[in-house]
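Fold and geometry: a report
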Amino acid sequence: MGIAVPAEVESGEPRVGATPDTVKKLLALGATVRVASGAGLASGITDEDYAAAGASVVASNAEALAGAAIVLKVRRPRADELSAYPHGALVLAIMDPYGQHEALAALAQAGVSAFAMELMPRITRAQVMDVLSSQANLAGYRAVIDASAEFGRAFPMMMTAAGTVPAAKVFVMGAGVAGLQAIATARRLGAVVTATDVRPAAKEQVASLGAKFVAVEDEEFKQAETAAGYAKPMSAEYQTKQAALVAEHIKKQDIVITTALIPGRPAPRLVSAEMVDSLKPGSVLVDLAVERGGNVEGARPGEVVVTPGGVKIIGHLNVPGRLAASASSLYARNLFAFVETLVDKKEKTLAPNWEDELVKATLLTKDGAVVHPSFQPQPA
Ligand code: NAD
């Protein structure tokens, strides 16, 4: 059972799919692990660290991949990488499958079994494999740190001999995994925190972190959570009411952190250019949804935009990657936990149960075809 850990080829991706800790655990499952030289460096892991854990460090991705039964990746392999992937290999990654028919066709054509870790069902058994949670949690934390670095004021209230510095006012929009961590982090730094969401369940969670919940709580709000725990796209009427409430609230804020997402759709637009203009100069917005179309008008992927009114809009890409060592450590454990379910521990062999609900939910391609029901090629 050969396991490959290639280096990520996408620029701006410092994470890696295995750490010395998970290499040891993979070896204990009966696997051999080949890591491409330098794969962990951007996460603070040297070749020597991997070798000390028992992995073979090889010169190139092609060498790591040769003969591998399982490939542990962060990003979906690009079409030009796939020629090095052994036919039949199980490839675990954040596959970003929505609207990517060509890329999925390339995975199918390469004959790999591609698993999209972000489609892991959010059930108790799979919590340890939940890459969305492990990475969003870190992104929520980092959003606050990034905001504080761009903010020209302190977060906590400080009473000094020279006078009092008021506490920063932080507004978190979207109180899922990232938003709740942003609330907790901003509170730890001493800010006064408010938050909004469209799911009623968020109200209590926000309050339990010591923040005030601000939302339009009408009949639609009461129905806004899907059975899977995600938000539904809201009606135009609701969005108008929400915008009016937010417009009033936001102009009193120093920091706004937006995290609102709806699975498989563009991010909802929550902050208009007028709302941005209503903020005081020096205020900071962080749009964690920027890669999915953005919650904030004027946010630009990968940039810190300064508006003519002196408001900063932070649109960093790959925010978990800004904490690469922590992100890789949690991501690698997520992958390991899933690999464990694909192995017959007694026989120490690869034995995926293709009927397992975790496999069915995440498997995109197998035996040359796109097999996931949600990503079937559209008839021309
Ligand atoms: P997400 O990343 O899909 O969205 C982030 C947040 O944005 C969500 O809270 C969503 O309700 C909110 N949002 C969407 N549209 C909005 C709008 N128009 N205005 C304001 N907010 C909006 O969500 P997530 O962080 O992945 O969490 C989704 C849910 O799953 C949460 O209830 C979370 O607690 C739950 N969860 C469960 C498990 C588990 O059981 N294993 C694990 C992780 C998360």
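My aim in this report is to walk through the structure given alongside it, one point at a time. Sequence positions are assigned chain by chain, starting from 1 and proceeding in written order. Under the rules for a predicted model, residues below a pLDDT of 70 receive no local features and side-chain atom pairs below 80 are neither given nor counted, while totals for whole chains, interfaces and linings still include all residues. Hydrogens are left out, water is left out, and the side-chain values use all remaining heavy atoms of the structure.

1. Remarks on the sheet that holds strand S9 (residues 169-173)
How we decide: In this scheme, strands are said to pair when DSSP sees at least two bridges between them. Strands here are runs of E lasting at least two residues and helices are runs of H or I lasting at least four, both read from the DSSP assignment and numbered beginning at the N terminus. Between two residues, a contact is recorded if the distance between any of their heavy atoms is within 4.5 Å. For helices, the axis comes from a line fit to the C-alpha atoms of the stretch in contact; other axes are also lines fit to C-alpha atoms, and the angle between any two N-to-C directions lies between 0 and 180 degrees.
Ordered by their spatial adjacency, 7 strands build an open sheet running S11-S10-S9-S12-S13-S15-S14, and the pairing between neighbours is mixed. Where the open sheet ends on each side, the last strands, each with one partner, are strand S11 (212-213) and strand S14 (304-306). In this structure, S9 lies alongside strand S12 (residues 255-258), joined through 4 bridges in parallel fashion. Across the sheet, Val 170 pairs through a bridge with Ile 255, a residue of S12. Together, S9, strand S10 (192-196) and S12 form the strand contacts of helix H9 (residues 236-250), whose direction differs from that of S9 by roughly 160°.

2. Some points on the pairing of strand S4 (residues 70-75)
Filter applied, for reference: For every residue, the accessible area (1.4 Å probe, protein chains only) is compared with the maximum for its type, and the residue is labelled buried under 20%, exposed over 50%, or partly exposed between those bounds.
Of all 6 residues in S4, 5 are buried; the element is thus mostly enclosed. Taken together, the 2 bridges between strand S1 (residues 2-5) and S4 define a ladder with parallel strand orientation. The residue bridging Ile 3 from the neighbouring strand is Ile 70, located in S4. Both S4 and strand S5 (residues 90-94) contribute to a ladder of 4 bridges, which runs parallel. Residue pairing across strands places Arg 75 opposite Ile 94, the latter belonging to S5.

3. A look at the packing of aromatic side chains
Put simply, the test is: By convention, a stacked pair of Phe, Tyr or Trp rings (six-membered ring in the case of Trp) has centres within 6.5 Å and planes under 30 degrees apart, an edge-to-face pair has planes over 60 apart, and any other such pair is tilted.
This structure, assessed with the given rule, holds 5 aromatic pairs. An angle of 50° between the planes, with centres 6.2 Å apart, marks the rings of Phe 213 and Phe 221 as tilted. As far as burial versus exposure is concerned, Phe 213 and Phe 221 are alike and both buried. Put simply, the rings of Phe 115, Phe 338 and Trp 354 touch in pairs and so form one group of aromatic residues.

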